[in-house]
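The residues making up each chain are set out below.
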Amino acid sequence: MDTIIVKIGGMKDEECVRAVANAIQDLPSIGHIEVSLEKGEASIEHGRFVSPDDIVRAIVDAGYEAAC
């Protein structure tokens, strides 16, 4: 599995952290996820069936800004 760091904008509280984590977990081939409200980023382990662009798109679709 590969690990990427995605910068996330717009998270205000733990509910936002859960929403981002849930959006990412719905994707195929996702391993460990760590979303940090303090850093405004997520560390995501993913397999080859999902691309970094897919992950960013899922976060944006959940209502947050995201970039690798």
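Here the residue index of a chain counts from 1 through its sequence in written order. The predicted nature of this model means local features are confined to residues of pLDDT at least 70 and side-chain atom pairs, given and counted, to a pLDDT of 80 or more, with totals for whole chains, interfaces and linings taken over all residues. Hydrogens and water are ignored here; the side-chain numbers use all heavy atoms of the structure.

(A) Layout of a negative patch on the surface. Taken together, the side chains of D13, E14, E15 and E38 present a region of like negative charge at the surface. Mapped onto the secondary structure, E14 falls in helix α1 (residues 14-25). Patch members must show over 30% relative accessible area and no salt bridge, and they are joined within 9 Å when carrying like charges or within 5 Å when they are nonpolar side chains of Val, Leu, Ile, Met, Phe, Trp or Tyr. For the area figures, the Shrake-Rupley method with a 1.4 Å probe applies, and any residue is considered shielded solely by the protein chains shown. Salt bridges are identified by distance alone: a Lys or Arg side-chain nitrogen within 4 Å of an Asp or Glu carboxyl oxygen. Counting rule for charge: Lys and Arg are taken as positive, Asp and Glu as negative, and neither His nor the chain ends is counted. The location of each charge is read from NZ of Lys, CZ of Arg, CG of Asp or CD of Glu. Strands here are runs of E lasting at least two residues and helices are runs of H or I lasting at least four, both read from the DSSP assignment and numbered beginning at the N terminus.

(B) Representation of the environment of N22 in the model. As for its placement among the helices and strands, N22 is situated in helix α1. Separated by 33 residues in the primary sequence, N22 and I55 place their C-alpha atoms 11 Å from one another.

(C) Summary view of the environment of H32. Mapped onto the fold, H32 is located in strand β2 (residues 30-36). Exposure categories follow from relative accessible area, calculated using a 1.4 Å probe and restricted to protein chains: below 20% of the type maximum is buried, above 50% is exposed, and the middle band is partly exposed. Residue classification places H32 among the partly exposed residues on the basis of a relative accessible area of 48%. The contact criterion used is simple: two residues touch if any of their non-hydrogen atoms lie within 4.5 Å. In this view, H32 contacts S43, I44 and E45; residues no more than four positions away in its chain are not counted.

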